[in-house]
Amino acid sequence: MNLKGKKLLILGAGTHQKPLIEEAKIMELEVHVCSKPGNYPGISTAHYFHEVDISDKIKVLQLAKKLEIDGILTTATDVCLESIGIVVDELGLFGTGFKNSKACLDKIIMKKRFLVNNVPTPKYIQINKYEDAIEFFNNTEHDCVLKPTDSSGSRGVTKIENISHLEEAYHKALHFSKSSKVIIEEWLEGEELGAQAVVIEGKLALLTLHSDITTPPPHRVPIGHGCPHPEEIKLLPIATEITEKAIKALGIGTGVCNVDYILSNQGLQIIEMTCRMGGTHLPEVCGEYLGFNFYNLAIQLSLGEKPTLPLKPLGRTNAAHNLILQSEGSLVKLGKTNQELEWHFYFKEGEKIMLNASNQAELGYVHVTGSDPLTTLNLAKKAADTFCKTTKIMEDFV
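An account of the accompanying structure is given in this report.

Along the chain, C227 connects to P228 via a cis peptide bond; the corresponding omega equals 10 degrees. Along the chain, P228 turns up in the loop between β11 (222-227) and α9 (232-250). Although it is not a glycine, S180 adopts a positive phi angle of roughly 60 degrees. The residue S180 is located in the loop between α8 (166-175) and β8 (182-186) in this model. Among the residues examined, S180 registers a relative accessible area of 51% and is labelled exposed. A positive phi is found at T280, a non-glycine position, where the angle reads about 50 degrees. Take T280: it is sitting in the loop between β13 (267-274) and α10 (282-290).

This is the structure:
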């Protein structure tokens, strides 16, 4: 493998893209990053920065052609999937093409393809007007969940237990949908879990299951993960079967993909699948367990390499948990930290922190290794909770 000097275009320059950019530099690639301007750490990290909106597929394509890139990818965001897809098609690169990338972004297309290909997934309908949501809710035995068809990071997603909350949730979902399209689906009680799926030329090469920690309903946002999943051996056969069906249904080409499942009394079902790596430090968590660098793997795949994958995990049981606050202002004092654990911070004392689109201020994350999956996951959660409770913020008043 001689990739030195190859031109790689990474879409996005935020905290979740920064490790991808850093790994590309370690691999001695020529690293180009595009993003809107802003206080994004990846801008100064990359060799070359281009001020381009990553959701503007035409401008991204023009940039890719001008640079004559050898590969393109992102991680932890769906907003640029169509941009990647059109570049893959036009330049003949490795990845997932435009039509199928759109299916990974648009939940309506995704759900239709799942149903046609017998991929188990919660029941849903597209809402064309508010009254459609009322009718579906009244005719469903379970609680429901409203979702924008084209958002990521659980933005605009709300669980509905009472019809009185339906209208507010509907308008919130509309707000977060660029296409002004919303779906409502049944809410299945059970365990949410996920996987990172390595796909090479349309075939599943490796599937790594992980645990999820989310904020409580009505707005479930991922804030932590552990690997392996405690029931990995039991769940892996059925997860593999339905994920292979989903790959075929979505037409995914080559890359590391993020999969969200729900395990209920109806069995394991796929909520969503997308053709990019997961966020919330999933590359670090799954990579630590398997014993290799997921960012490195994703980059190799985007450049057409077919790396040798481990036949069994070579690393350690581990978990990571975001350090999340619900308020913004000046960071007066960082909270208590167990020095036996690994801590990563995005801010220093005295700096100003802001809420993101999910109304969270993410200060960093804690990474824990151990021997038992559940114990390790709980340790990460406890450490994060202690840190957040003891962190001091001076809120700004206008």
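This structure, assessed with the given rule, holds two cavities of 30 Å³ or more. Approximately 230 Å³ is the volume found for the largest cavity. Contributing to the lining of the largest cavity are 19 residues, with I72, L73, T254, G255 and C275 lying nearest its centre. Mapped onto the lining of the largest cavity, the elements with two or more residues apiece are β4 (71-73), α4 (81-91), β12 (255-264) and α11 (294-302).

With that out of the way, let us pick up α11. Counting buried residues in α11 gives nine out of nine residues, a clear majority hidden from the surface. Along α11, the positions that sit buried rather than exposed are F294, Y295, N296, L297, A298, I299, Q300, L301 and S302. If you check the start of α11, you find a side-chain oxygen 2.8 Å away from the backbone N of Y295, and it comes from N293. At the C-terminal side of α11, G304 shows a positive phi close to 90 degrees.

Definitions and limits used
Residues numbered from 1 in each chain as written. Predicted model: local features only at pLDDT ≥ 70, side-chain atom pairs only at ≥ 80, totals over all residues. Heavy atoms only, no water. Helix = DSSP H or I, 4+ residues; strand = E, 2+ residues; numbered from the N terminus. Buried < 20%, exposed > 50% of the residue type's maximum accessible area, 1.4 Å probe, protein only. 1 Å grid on protein atoms, 1.4 Å probe; cavity = no way out; pocket = protein on both sides within 12 Å on 5 of 7 lines; lining within 4 Å. Points joined across faces, edges and corners; volume = space filled by probe spheres on them. Polar contact = N/O pair within 3.5 Å; in protein donor to acceptor, adjacent residues only side chain to side chain.

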